[in-house]
Amino acid sequence: MNYELGVYGHGYHGAELARRLHDQIKVWDHAWRHHPEPAFSLYPADATVPNPTVGRIFRKRHTQLVMAWA
């Protein structure tokens, strides 16, 4: 099965977040494509977020977006 991932940023820092997510999608595509697809979770900014074994946490003013794959 093939997947296509893309990003589009909204808001004041939307373009920066979109670029950072795009960079991580490229990492997944080049190094992890034959593993499970990335999982995305969204948490409030003040929540304790589990650090993904493989992936990134994108902290924003009101939320934290976790992109994890492994």
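Up top is the structure.
Owing to the predicted nature of the structure, the values given are computational and were not obtained by experimental measurement. (Residues numbered from 1 in each chain as written. Predicted model: local features only at pLDDT ≥ 70, side-chain atom pairs only at ≥ 80, totals over all residues. Heavy atoms only, no water.)

On to helix α1 (residues 14-31), then. With 18 residues, α1 ought to run about 26 Å at 1.5 Å a step, and its terminal C-alpha atoms sit 26 Å apart, in line with that. The set of residues buried in α1 consists of Gly 14, Leu 17, Ala 18, Leu 21, Gln 24, Ile 25 and Trp 28. Buried residues of α1, seen end-on, are gathered within an arc of 130° and therefore sit on one face of the element. Facing away from the buried side of α1 by over 90 degrees, the exposed positions are Ala 15, His 30 and Ala 31. The secondary structure elements touched by the buried residues of α1 are β1 (39-44), β2 (55-59) and β3 (63-68). (Helix = DSSP H or I, 4+ residues; strand = E, 2+ residues; numbered from the N terminus. Expected span 1.5 Å × (residues − 1). Buried < 20%, exposed > 50% of the residue type's maximum accessible area, 1.4 Å probe, protein only. Arc of directions from axis to C-beta. Contact = heavy atoms within 4.5 Å.)

Moving on, we get to the side chain of Gln 24. Residue placement: Gln 24 occurs in helix α1. According to the relative accessible area criterion, Gln 24 is buried, its value standing at 11%.

As a further point, take the layout of surface pockets. A water-sized probe, rolled over the atoms, reveals where empty space remains. Looking at the largest pocket, its volume works out to about 270 Å³. Here the element with the most residues in the lining of the largest pocket is α1; it accounts for four residues. Of the residues in the lining of the largest pocket, the class split is two nonpolar, five polar and five charged. (1 Å grid on protein atoms, 1.4 Å probe; cavity = no way out; pocket = protein on both sides within 12 Å on 5 of 7 lines; lining within 4 Å. Points joined across faces, edges and corners; volume = space filled by probe spheres on them. Nonpolar A, V, L, I, M, F, W, Y, C, P; charged D, E, K, R; others polar.)

A few words on the pairing of β2. On a regular strand, each side chain points to the face opposite its neighbour's, so the side chains alternate between the two faces of the sheet. When β2 meets β3, the two strands line up antiparallel, connected through five bridges. Within β3, the residue paired with Arg 56 across the bridge is Met 67. Between β2 and the antiparallel strand that follows it, β3, lie three residues. (Pairing = 2+ DSSP bridges.)

With that settled, consider the nonpolar core. Counting nine residues, the largest nonpolar core consists of Leu 17, Leu 21, Ile 25, Trp 28, Val 54, Phe 58, Leu 65, Met 67 and Trp 69. Taken together, the elements giving at least two residues each to this core come down to α1 and β3. For this core, the element with the most residues is α1, which contributes four residues. With sequence-adjacent residues up to four places away left out, Leu 21 is seen in contact with Val 7, Phe 40, Phe 58, Leu 65 and Met 67. (Core = buried A, V, L, I, M, F, W, Y, C linked by side-chain atoms within 4.5 Å.)

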